[in-house]
Amino acid sequence: MNTSSTCPLAEQISQAIARNELALPTMPDWALRVLRMLDDINASAGQIVAAVGGDPAFAAQIIRVANSALYSGKPRVENVSAAISRVGFKMLRNLIISA
């Protein structure tokens, strides 16, 4: 089966991989730092909140998630600390990895 006739994008990706030209985006430094903190039993919640708050776009995203329908019936959160408390560290990790 010829992939170029069925999916030109797949063919382009295959060729880029074969030429070692495919560059995948790297995770931002703040995200790597937070993931390490989540694995560190000595890291405080305050340190994690400060690191997450260092990226305004992600801070806004986690606040949006904390105020989403998934957590309906609860008071609205307005800051990163309250948002992380609501969603928990496991969801925080998932959000970082999927960002």
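All values derive from a computational prediction rather than experimental measurement. (Residues numbered from 1 in each chain as written. Predicted model: local features only at pLDDT ≥ 70, side-chain atom pairs only at ≥ 80, totals over all residues. Heavy atoms only, no water.)

Trainee: Quick rundown of the nonpolar core? Include the residues and the values.
Mentor: In terms of nonpolar packing, the biggest core is built from 26 residues, with Val34, Val52, Phe58, Ile62, Leu92 and Ile96 touching the most fellow members. Of all the elements in the fold, those that place two or more residues in this core are α3 (29–39), α4 (45–53), α5 (56–66) and α6 (80–98). Considering every element that reaches this core, the biggest residue donor is α6, with 7 residues. Residues in contact with Val34, not counting those within four places in the same chain, are Ile48, Ala51, Val52, Leu92 and Ile96. (Core = buried A, V, L, I, M, F, W, Y, C linked by side-chain atoms within 4.5 Å. Buried < 20%, exposed > 50% of the residue type's maximum accessible area, 1.4 Å probe, protein only. Helix = DSSP H or I, 4+ residues; strand = E, 2+ residues; numbered from the N terminus. Contact = heavy atoms within 4.5 Å.)

Trainee: Tell me about the packing of aromatic side chains, and name the residues and values.
Mentor: One pass over the structure, following the stated rule, counts 1 aromatic pair. Ring centres of Trp30 and Phe58 lie 4.8 Å apart, and the angle between their planes is 40 degrees; this geometry places the pair in the tilted category. Here the residue Trp30 occupies a position in helix α3, and Phe58 occupies one in helix α5, the gap between them amounting to 28 residues. Both residues of the pair, Trp30 and Phe58, belong to the buried class. (Phe/Tyr/Trp six-rings, centres within 6.5 Å; stacked < 30°, edge-to-face > 60°.)

Trainee: I'd like a rundown of a nonpolar patch on the surface, residues and numbers included.
Mentor: Together, Leu9, Ile13, Ile17, Leu22 and Leu24 make up a nonpolar patch on the protein surface, roughly 500 Å² of accessible area in all. Along the chain, Ile17 turns up in helix α2 (residues 8–18). (Patch = residues over 30% accessible without salt bridge, like charges linked within 9 Å, V, L, I, M, F, W, Y side chains within 5 Å. Areas by Shrake-Rupley, 256 points an atom, 1.4 Å probe, with all protein chains shown as cover. Salt bridge = Lys/Arg side-chain N within 4 Å of Asp/Glu carboxyl O.)

Trainee: Quick rundown of the pattern of salt bridges? Include the residues and the values.
Mentor: Opposite charge on two side chains permits them to pair, given that their charged atoms come into close proximity. Enumeration over the complete set of coordinates arrives at 3 salt bridges. The partner of Arg19 in a salt bridge is Glu21, with the nearest N and O atoms 2.8 Å apart. Linking Asp39 and Arg93 is a salt bridge whose minimum nitrogen-to-oxygen distance equals 2.8 Å. Within this pair, whereas Asp39 is found in helix α3, its partner Arg93 is found in helix α6, the two being separated by 54 residues in sequence. The exposure class of Asp39 is exposed, given its relative accessible area of 57%.

Trainee: Please set out unusual backbone geometry residue by residue, giving values where relevant.
Mentor: Even without being glycine, Asn20 reaches a positive phi, approximately 60 degrees. Mapped onto the secondary structure, Asn20 falls in the loop between α2 and α3. Residue class for Asn20 comes out exposed when judged on its relative accessible area of 71%.

Trainee: Describe the side chain of Asp55, naming the residues involved and giving the relevant values.
Mentor: Position of Asp55 relative to the elements: it lies in the loop between α4 and α5. Despite being buried, Asp55 has no salt bridge partner; Arg33 is the closest side chain of opposite charge, sitting 8.8 Å away. Side chain to side chain, Asp55 and Trp30 meet in a polar contact 3.2 Å long. (Lys, Arg positive; Asp, Glu negative; His and termini not counted. Polar contact = N/O pair within 3.5 Å; in protein donor to acceptor, adjacent residues only side chain to side chain.)

Trainee: Please provide a residue-by-residue account of the side chain of Arg86, values included.
Mentor: Relative to the elements of secondary structure, Arg86 occurs in helix α6. An unpaired buried charge is present at Arg86: no salt bridge exists, and Glu78, the closest side chain of opposite charge, is 9.2 Å distant. A polar side-chain atom of Arg86 sits 2.5 Å from the main-chain carbonyl oxygen of Pro75. Those residues in contact with Arg86, other than ones at most four positions away along the chain, are Ala66, Asn67, Tyr71, Lys74, Pro75 and Val77.

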